Amino acid sequence: MSPARPYGRHPDLRRPEHRRVRLAAAASAAVLSLAVGVVPTQAAAAEHMTAASTSAPSGAPAAPPLTDVGHRLDRAALRESLAAIHRAGMYGAYSSVRDGSEQWRGATGLADVDTERRMRPELEHRIGSITKTFTAVAVLQQVHKGRIELDAPIGRYLPELVPGETGREVTVRMLLNHTSGIGDYVLPAFPGVVENPEKVLEENRFRRLDPEHLARLGLAAPPVAERGKHSYSNTNYILAGLLLGKVTGQDPETYITRNVIRKAGLRHTYFPRSPYISGPHAKMYESMYGYIDPARDFSAYDMSWAGTAGAMVSTMRELNDFYRQLLGGKLLGPAELRAMKTTVPAHDPEPGQEVVMRYGLGLFTMRMPSGGWYWGHNGAVFGAGTWALSTEDGHRQVALGYNLMKYERFDEDNRPKPDPIGDALFQYVDGALSGAGQSSAPRHRPAPGSLPPLNPLVEPGQLR
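### Considerations on the packing of aromatic side chains
Now for step 1: On inspection of all chains with the given rule, the structure shows 13 aromatic pairs.
Now for step 2: Arranged with centres 5.4 Å apart and planes meeting at 90 degrees, the rings of Phe-190 and Trp-305 form a pair that is edge-to-face. Taken as a pair, Phe-190 in the loop between helix 5 (186–189) and helix 6 (197–203) and Trp-305 in the loop between strand 7 (296–297) and helix 10 (307–310) lie far apart in primary sequence, 115 residues in all.
Now for step 3: What makes Phe-190 buried here is its relative accessible area of 2%.
Now for step 4: The rings of Phe-190, Phe-298, Tyr-301, Trp-305 and Phe-382 are connected pair by pair, giving a single aromatic cluster.
Now for step 5: Over the aromatic face of Phe-190 sits the side chain of Arg-207, whose NZ or CZ is 5.6 Å from the ring centroid.
Now for step 6: Lying over the aromatic face of Trp-375, Lys-341 brings its terminal NZ or CZ to 5.4 Å of the ring centre.

### Describing unusual backbone geometry
Now for step 1: At the junction of Asp-293 and Pro-294, the peptide bond is cis and its omega measures out at 5 degrees in the coordinates.
Now for step 2: Unusually for a residue other than glycine, Asn-414 sits at a positive phi of about 60 degrees.
Now for step 3: Inspection of the secondary structure assignment puts Asn-414 in the loop between strand 15 (404–405) and helix 13 (420–434).
Now for step 4: Since its relative accessible area comes to 26%, Asn-414 is described here as partly exposed.

### Considering the packing of helix 2 (residues 131–144) against helix 11 (residues 316–327)
Now for step 1: One can describe the packing of helix 2 onto helix 11 by two numbers: an axis separation of 12 Å at closest approach and a directional angle of 35 degrees. The handedness of the crossing between helix 2 and helix 11 comes out as left-handed. Touching Thr-133, Phe-134 and Val-137 of helix 2 are Phe-322, Tyr-323 and Leu-326, all from helix 11.

### So, helix 8 (residues 235–248)
Now for step 1: Between its terminal C-alpha atoms helix 8 stretches 20 Å, which fits the 20 Å expected from 14 residues at 1.5 Å a residue.
Now for step 2: Restricting attention to buried positions, one finds in helix 8 the residues Thr-235, Asn-236, Tyr-237, Ile-238, Leu-239, Ala-240, Gly-241, Leu-242, Leu-243, Leu-244 and Thr-248.
Now for step 3: Where helix 8 is buried, its residues touch helix 2, helix 4 (172–176), helix 7 (211–220), helix 9 (252–261), helix 10 and strand 10 (357–359).
Now for step 4: After helix 8 finishes, the residue Gly-249 shows a positive phi value of roughly 75 degrees.

### Some thoughts on the nonpolar core
Now for step 1: Within the largest apolar cluster, 126 residues are counted, with the highest numbers of intra-cluster contacts made by Phe-134, Phe-190, Trp-305, Leu-326, Met-340, Leu-400 and Tyr-428.
Now for step 2: Per element, the largest residue contribution to this core is 8 residues, and it comes from helix 13.
Now for step 3: Residues contacting Phe-190, with those up to four places away along its chain left out, are Val-200, Leu-201, Asn-204, Arg-207, Tyr-301, Trp-305 and Phe-382.

### Points about the side chain of Ser-81
Now for step 1: Inspection of the secondary structure puts Ser-81 in helix 1 (residues 75–87).
Now for step 2: Ser-81 gets classed as buried once you look at its relative accessible area, which sits at 10%.
Now for step 3: Excluding residues that lie within four positions of it along the chain, Ser-81 makes contacts with Gln-427 and Tyr-428.

### Some details on the confidence of the model for the protein
Now for step 1: Per-residue pLDDT for the protein averages 84, and the proportion of residues at 70 or more is 78%.
Now for step 2: Predicted confidence is poor over residues 1–33, with pLDDT under 50, and the contacts of this stretch with residues over four places away or in other chains come to 95 contacts.
Now for step 3: In this model, residues 35–70 is a region of pLDDT below 50 whose contacts with residues beyond four sequence positions or in other chains number 106 contacts.

### Remarks on the sheet that holds strand 6 (residues 285–286)
Now for step 1: In space, the 3 strands of this open sheet follow the order 7-6-15, with mixed pairing throughout. Edge positions in the sheet fall to strand 7 and strand 15, since each of these pairs with one other strand and no more.

### A closer look at the pairing of strand 3 (residues 102–112)
Now for step 1: Most of strand 3 sits inside the fold, with 8 of its 11 residues counted as buried.
Now for step 2: Bridge analysis of strand 2 (residues 92–99) against strand 3 gives 8 bridges, and the strand direction is antiparallel. Within the sheet, the bridge partner assigned to Arg-98 lies in strand 3 and is Gln-103.
Now for step 3: If you look at the hairpin formed by strand 2 and strand 3, you'll find 2 residues sitting between the two strands, and Gly-100 has a positive phi there, around 60 degrees.
Now for step 4: The pairing of strand 3 with strand 4 (residues 117–118) spans 2 bridges and is classified as antiparallel. Opposite Asp-112, over in strand 4, you have Arg-117 as the bridge partner.

Calculation rules
Residues numbered from 1 in each chain as written. Predicted model: local features only at pLDDT ≥ 70, side-chain atom pairs only at ≥ 80, totals over all residues. Heavy atoms only, no water. Phe/Tyr/Trp six-rings, centres within 6.5 Å; stacked < 30°, edge-to-face > 60°. Helix = DSSP H or I, 4+ residues; strand = E, 2+ residues; numbered from the N terminus. Buried < 20%, exposed > 50% of the residue type's maximum accessible area, 1.4 Å probe, protein only. Lys NZ or Arg CZ within 6 Å of the ring centre and 35° of its normal. Axes fitted to C-alpha atoms, helices over the stretch in contact; angles between N-to-C directions. Left-handed = near helix turned anticlockwise from the far one by under 90°. Contact = heavy atoms within 4.5 Å. Expected span 1.5 Å × (residues − 1). Core = buried A, V, L, I, M, F, W, Y, C linked by side-chain atoms within 4.5 Å. pLDDT = per-residue confidence, 0-100. Pairing = 2+ DSSP bridges.

What follows is the structure, given as structure tokens:
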């Protein structure tokens, strides 16, 4: 592959002399994740579970009220705020924003840093863990039909795969809200990735992985937190896919396609059947905190390693379509949608801070810096990051995709350096959602510790 040109690159992407990758002596047991922003620094107790109402979580400020008068989208402010993400160092980004029937789409930066091909707003994109929302909807459809019980042990359905205490004690609900205590399969599926991420990611580009193999890797992996506490694990959603296959008799990706994607009328949303994205798309660059330098394009990748936890492709416009229909009650019955929006804390806040993210069943609610609470999910795979958030009624929405991952940089003590890209991402998403003047959105995201880490595919403390 030709080296990526330095156009728009973060100033810290230069390779230091003699840099090598190795395990940090004090590395934690953290794992790779398909999620951009829902991996907690610490888990929260499940007994504090609360049912989400039709407003923000108890004690939290609601999103600003919306009106139906005139043009509600400040297009000039949206264009400027999106462009600021590229100016901050992101290669390229595209987005779709909605308020009622009004819609704006935009793009900034480069889809290919070698040819300088420009981004376009309609490009297809790997959406990572946003796949989990689709998988959870499919499972909840089977709950509605009486074929799955949310509080039944997973061993009832998959006794050979999940035997013993785990099979007896872990329920379907625990899989979907990540309180199962089951470890993550991703690090074991990519042996050596911490020591040499570029070599390992390249060598596995076209490797096909079986979901039962991934599930067994996760079941054998050490848990990050005790059962009953939220601890994000992709294994949960691989098991959810295998559960779907067992009760429906269909390939889970086929079932989700027929009963969720097609039901929502989506035409550019799909599980890829090859390592290649079928429609027009950007290249997707992975930096791994600077240990892959220059950042390498992984837009062509066999996504069987992610499956029903994170393999899907979509567009920003269709993500807004999907979440509007979901939150509007068109994809699930009222009881199942209430179950989906029953949440647990997604992280333990720092002293003096409040919980700002709560996780339901494949869906989370998150407080943005301006104070509003929004529903959706986000995702990260090699080279591709995505946000999709909506007001609770699905009226105001933003979906954002971008094509450089692990752009953050850390000092020798693994302390984060200033992160202009992260600040610009938060400013754009917050302003697009708040609607109260995108140009006046806060310039910085919350203080460190008040939100889970954004791009934890490999935690920086594991690399040197």
